[in-house]
Amino acid sequence: MSDYIIAIDQGTTSSRAIIFDDRGTIVSSGQKEHAQIMPRAGWVEHDALEIWRNVQEVIGVALARADLTRHGIAAIGITNQRETTVVWDRRTGRPVTNAIVWQDTRTQDIVDRLAADGGVDRFKGTVGLPLATYFSGTKVAWILENVPGARESAEAGDLLFGTTDSWIIWNLTGGPEGGVHVTDVTNASRTLFMDLRTLEWRNDILEVFGVPRAMLPEIRSSSEVYGVAEASSLLRETPIAGILGDQQAATFGQAAFSVGNTKNTYGTGCFLICNTGEEIVHSKNGLLTTVGYQLGDGPAHYALEGSIAVTGSLIQWLRDQLGIIGSAPEVEELARTVPDNGGVYIVPAFSGLYAPYWRPEARGTIVGLTRFANKGHISRAALEAVAYQTRDVLDAVNADSGVALSELRVDGGMVANDALMQFQADILGVPVVRPVVAETTALGAAYAAGLAVGFWGGLEDLTANWQEDRRWEPQLDVAERERLLRQWRKAVTKSMDWIDEDSR
Ligand code: ADP
């Protein structure tokens, strides 16, 4: 048996390859950014061919840095930016247009058209998602409606659709010469096309979207051998054995396998996922229902997910737009210059409020300013806003699942911020726990692949690998916590009802 697993993490800003050993420790990695193409306001695209070139390059870098060849690698796991949509010609391997990224909002007209009959929750009972520009279904519909010749080629059976997991696997397994066209249940659960219960594409929904079923990848579990890398690749004959969308991969990498286990990833935005086990829980509180993972022919495990649009990007805003800090970590120093927020609250509703409020007409606001407020208070209010928003989403999770959270596992770039993590524990009233391996996304994909080829024996091995690095216990007095939360909720109401006919 080879000694390592390689994970390919095809993310929004970069592609990475990370090699792990059987303890889940990082042995080496390679990383390369790709261009963010923004041809118009609200449009965000990637060049799928550039992504594929970068993936091949970072695989080579990671192998070289560990002084390994394919013989040392037992399996390949893939994790990916979710929802980003690629449509390509199966005969040539060429995308018909740039990939449409998850953040892209060009499909609002399609959403409005589809929602005219039955509202945005029209398919929610089946697919777990509201109609929104975020999900890949609206993006593939846009390509078929707007790229010249695309609909005819799709109907002739020449075009394939996939998220970047499918795109990479198809290329890795031979492309036009016999490439395997698959995705996993977690990625499929973000299209708007998959029935959460049967884990199959819904013909009736595909018909409403005007998308031919022949374009779609086969839906497979998150952990099984899908194919082997082709002859000319650095990893030739190595099995590709795991696929998980990035947030689900982070949850898996956190070993959150039991009902009620919850993780929050603090990056540009925050993504909180709570494992609901084999039960499909439909949210009454503004959360998405999604597949967490499925191992081989075992049952699907489901999850509730809350997305917060602006968290790390609020810190970037302090740095780039206000210039009150020179780098992200400085926000902590500045926040520590004051003993409390001085009555200042920032509601970063830069593009409306997401979960659990869903108020597109809200806009960002700073309230409670007095002559006394300084940049320390602003920095503190920014960090606190991240924690309050997470609390709001967790309240929704608790209400939907009926399970009270006992601790929150955390990862992502912002967990380096000690002040934020302490305040998060204070405002949640439960411990916040950071693992030793913070690269939970790539680790989750490696785990899924390693399980399928017997590199790890079962979930117990993965649970044993999970190690606590640091734990923050709640310290704040309960009455003070409730007072802060009342103030925050008042601040949130001040951000609402802002955009109207006078706004530009
Ligand atoms: P993503 O995967 O979304 O690109 P990362 O997980 O790499 O994000 O986290 C980067 C984000 O975290 C940035 O938005 C940055 O502003 C923020 N960040 C990084 N370090 C800190 C810190 N010490 N304190 C506060 N925010 C931070």
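Residues numbered from 1 in each chain as written. Predicted model: local features only at pLDDT ≥ 70, side-chain atom pairs only at ≥ 80, totals over all residues. Heavy atoms only, no water.

(A) Region of the structure containing the overall build of the protein. Looking only at helices and strands, the protein has 16 helices and 23 strands in total. Counting only C-alpha atoms, the protein reaches 70 × 50 × 40 Å along its principal axes. Buried positions account for 59% of the 504 residues belonging to the protein. The contacts of the protein with a sequence gap of at least 6 include a subset with a gap of at least 24, amounting to 71%. By element, 48% of the accessible surface of the protein is carried by carbon and sulfur atoms, the whole surface being about 19,700 Å². Side chains of the protein give 44 positive and 64 negative charges; the mean places of these two sets differ by 4 Å. (Helix = DSSP H or I, 4+ residues; strand = E, 2+ residues; numbered from the N terminus. Buried < 20%, exposed > 50% of the residue type's maximum accessible area, 1.4 Å probe, protein only. Contact = heavy atoms within 4.5 Å. Areas by Shrake-Rupley, 256 points an atom, 1.4 Å probe, with all protein chains shown as cover. Lys, Arg positive; Asp, Glu negative; His and termini not counted. Charge placed at Lys NZ, Arg CZ, Asp CG, Glu CD.)

(B) Seen up close, a negative patch on the surface. Taken together, the side chains of Asp3, Asp22, Glu460 and Asp461 define an acidic patch exposed on the protein surface. Considering the arrangement of structural elements, one finds Asp3 in the segment before strand E1 (4–10). (Patch = residues over 30% accessible without salt bridge, like charges linked within 9 Å, V, L, I, M, F, W, Y side chains within 5 Å. Salt bridge = Lys/Arg side-chain N within 4 Å of Asp/Glu carboxyl O.)

(C) Inspection of the site of the ligand at higher detail. Around the ligand, 14 residues are found, and the nearest of them are Thr268, Gly312, Gln316, Gly413 and Asn417. Within the contact set of the ligand, an oxygen atom lies 2.8 Å away from a backbone nitrogen or oxygen of Gly413. A distance of 3.0 Å separates a nitrogen atom of the ligand from a polar side-chain atom of Asn417. In the complex, 69% of the free accessible area of the ligand, which totals 580 Å², lies under the protein chains. Counting residues per element, the shell around the ligand draws most heavily on helix H10 (residues 312–322), which supplies four residues. Of the residues that constitute the shell around the ligand, the class distribution is six nonpolar, eight polar and no charged. (Near = heavy atom within 4 Å. Polar contact = N/O pair within 3.5 Å; in protein donor to acceptor, adjacent residues only side chain to side chain. Nonpolar A, V, L, I, M, F, W, Y, C, P; charged D, E, K, R; others polar.)

(D) Quick peek at the sheet that holds strand E15 (residues 262–266). Here we have seven strands laid out as an open sheet, ordered E17-E18-E16-E15-E21-E22-E23, and mixed in their pairing. Each edge of the sheet is formed by a strand with only one pairing partner; in this case those strands are strand E17 (288–294) and strand E23 (468–472). The average angle at which neighbouring strand axes cross in this sheet is 30°, direction not considered. Two strands pair when backbone bridges link them, and strand E21 (residues 408–411) and strand E22 (residues 432–435) are joined in this way by two bridges, in the parallel orientation. Looking across to E22, one finds that Arg409 is bridged to Val433. The strands touched by helix H12 (residues 375–401) within the sheet are E15, strand E16 (270–277), strand E18 (300–308) and E21, with E16 carrying the most contacts at an inclination of about 20°. On the sheet, helix H13 (residues 418–428) packs against E15, E21, E22 and E23 and is oriented at approximately 55° with respect to E23. (Pairing = 2+ DSSP bridges. Axes fitted to C-alpha atoms, helices over the stretch in contact; angles between N-to-C directions.)

(E) Fine view of unusual backbone geometry. The omega torsion across Ala355 and Pro356 is -5°, close enough to zero to call that bond cis. Note on placement: Pro356 falls in the loop between strand E19 (345–347) and strand E20 (365–367). The backbone phi angle of Ala255 is positive, close to 55°, even though this residue is not glycine. Position of Ala255 relative to the elements: it lies in the loop between helix H9 (246–253) and E15. Not every positive phi belongs to a glycine, and Asp497 is a case in point at roughly 60°. In this fold, Asp497 is placed in the segment after helix H16 (478–495).

(F) Expanded view of the pairing of strand E5 (residues 73–80). E5 sits mainly inside the fold: eight of its eight residues count as buried. By the bridge criterion, seven bridges tie E1 to E5 in an arrangement that is parallel. Considered in E5, the bridge of Ala7 is made with Gly77. Relative to strand E14 (residues 239–245), E5 runs parallel, the two being bridged by five bridges. When the sheet's bridge partners are listed, Ile76 is paired in E14 with Ile240.

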